[in-house]
Amino acid sequence: MSEPFSSTPPAPAGDSVVSAVHCRVFKIPTDQPEADGTLEWSATTIVLVEATCGDTTGIGWTYAGAGCRAVVENELAGVIIGADPMDVPGVNEGMVRACRNLGRPGLAGCAVSACDMALWDLKARLLELPLCSLLGRCRPCIPVYGSGGFTTYSDATTRSQLESWVDGLGISKVKIKIGESWGHCEARDLERMALARRVVGDEVELLVDANGGYSVKQAIRVGRRAAAEHGIVWFEEPVSSDNLAGLHEVRDQVSPDVAAGEYGYDEPYFARMIAAGAVDCLQVDATRCGGYTCWIRAAAIAAASGLQVSAHCAPALHAHVCGSVPNIRHIEYFHDHSRIEAMLFDGNLRPACGELVPDSSAPGNGYLLKENDAEPYRIA
Ligand SMILES: [Mg+2]
């Protein structure tokens, strides 16, 4: 039976509690039309949360819908305000419980995640510690893979993007989207894999993401050719990540690592995915799963089964937490998010020799919103 729970056990008074939570929403158009196997989009929405204690403010964010703001303001702020900023897991648990009747996956999970990361940043800034030191480091830097290669891109655009990662940033792993039009463009998928291999050469790891666009047998057929003809080593969401038996079957039949987990909003999701034998590497997204508090738990769940984790998107946010677990494989350096994080935040990290190095010279996550640059994109 669950114990009675208070998110604000004996709360200190005055300046040592969280005094305010603010939420703003920005919508950033993509630099050109983008699509993967099962979705197309022309803008990305970022929901920014600021948590304040005294004259110190921490920030966190999620990539979700503007509706997150209502969850933050109506359901979560009441849990956070008045809480001890040192007790982030306690506040996280309070937020999760407050969302019971909303349902945790989706907007509620994203809202909890942004608040959790703002609170970790606040705690680190209050203690005048870099976030990577507060979380503790297993390693000083984390490999990234370049991620984009949208199905809407021309060959020339795909080529220049791949070259910008490999030649420009020294990244040795790159990923393109396949499964175009729900798996209806199999020949073009294979042609684009061939193009990518020609551009990056034989030494660069080539990853593909079908975003659940294929059927099981189609994924097996494509996956075998992708490995044999183009040296693909990572096959992400070959079928829907809700089809755990299907993922397991594909994993049994192809040689590239099968990966999924980006839609995990709570710990049991990851445990079920691993128990089904669905993945070779578990993807975990701190902007969805419940922030750093739950990201670290998901990494531990994976470690218990001998699996590595890969951080899904939001590279600026993941750099700090990924160094804190021994079983990290890499961070997804996603085109949309790396672009937005560079546009909106001072202190944003840029890969060096294919790795991200969290800033250990600044308190907290080291990021500051560029207010003037962000304001034109604010929608709430
Ligand atoms: Mg993906």
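Residues numbered from 1 in each chain as written. Predicted model: local features only at pLDDT ≥ 70, side-chain atom pairs only at ≥ 80, totals over all residues.

Visitor: Looking at this model, I keep getting lost on the pairing of strand β11 (residues 328–334). Mind explaining?
Guide: Each regular strand shows side chains that alternate between the opposite faces of the sheet. Burial runs high along β11: 7 of the 7 residues are buried. Pairing of strand β4 (residues 142–148) with β11, which is carried by 4 bridges, proceeds in the parallel orientation. Each bridged residue has a counterpart across the sheet, and for Gly146 the counterpart in β11 is Tyr333. Direction of pairing for strand β10 (residues 308–311) relative to β11: parallel, over a ladder of 3 bridges. In the sheet register, Ser310 faces β11, and the bridge partner there is His330. (Buried ≥ 20, exposed ≤ 12 C-beta atoms within 10 Å, placed from the backbone. Helix = DSSP H or I, 4+ residues; strand = E, 2+ residues; numbered from the N terminus. Pairing = 2+ DSSP bridges.)

Visitor: Hey, could you run me through the environment of Trp295 in this one?
Guide: By secondary structure assignment, the location of Trp295 is in helix α11 (residues 291–304). With 29 C-beta atoms packed within 10 Å, Trp295 lands in the buried category. Considered as a pair, Trp295 and Val284 are 11 residues apart in the sequence and their alpha carbons are 6.6 Å apart. If we skip the residues at most four places from it in the chain, Trp295 touches Val284, Ala286, Cys289 and Val321. (Contact = placed C-beta atoms within 7 Å.)

Visitor: When you look at the sheet that holds strand β3 (residues 56–63) in this model, what are you seeing that I'm missing?
Guide: Strands in a sheet are paired, the pairing made by backbone hydrogen bonds, and the direction either parallel or antiparallel. The sheet built from 3 strands is open, its strands ordered β1-β2-β3 with antiparallel pairing. Strands at the two margins of the open sheet, each flanked by one partner only, are β1 (20–35) and β3. Here the strands of the sheet are splayed against their neighbours by 20 degrees on average, with no regard to which way each runs. In terms of strand pairing, strand β2 (residues 40–53) meets β3 through 8 bridges, oriented antiparallel. Counterpart to Glu50 in the pairing with β3 is Ile59. Its contacts with the sheet put helix α3 (residues 107–126) on β2 and β3, and the angle it makes with β3 is roughly 150 degrees. (Axes fitted to C-alpha atoms, helices over the stretch in contact; angles between N-to-C directions.)

Visitor: Looking at this structure, I do not really get the packing of α3 against α11. What am I missing?
Guide: Helix packing for two helices is described by the angle between their axes and how far apart those axes are. For the pair α3 and α11, interaxial distance at closest approach is 6 Å and the crossing angle is 100 degrees. Judged by the angle between their axes, α3 and α11 are roughly perpendicular. Along the contact surface, α3 presents Val112, Ser113, Asp116, Met117 and Trp120, while α11 presents Gly291, Tyr292 and Thr293. Across the contact of α3 with α11, the residue classes break down as 4 nonpolar, 3 polar and 1 charged. (Parallel < 35°, antiparallel > 145°, perpendicular 65-115°, else oblique. Nonpolar A, V, L, I, M, F, W, Y, C, P; charged D, E, K, R; others polar.)

Visitor: Help me out: how do you make sense of the domain arrangement of the chain in this one?
Guide: One frequent convention defines the size of an interface as the accessible area lost when the parts assemble. Each assigned domain of the chain is listed with its residue range as follows: domain 1 (14–129) and domain 2 (133–369). One C-alpha centre belongs to domain 1, the other to domain 2; they are set 23 Å apart. Facing the 39 residues of domain 1 at the interface are 39 residues of domain 2. Broken down by element, the side of domain 1 that touches domain 2 gets its largest block of residues, 12 residues, from α3. In the side of domain 1 that touches domain 2, the residues fall into 20 nonpolar, 10 polar and 9 charged. (Domains from an automatic or database assignment.)

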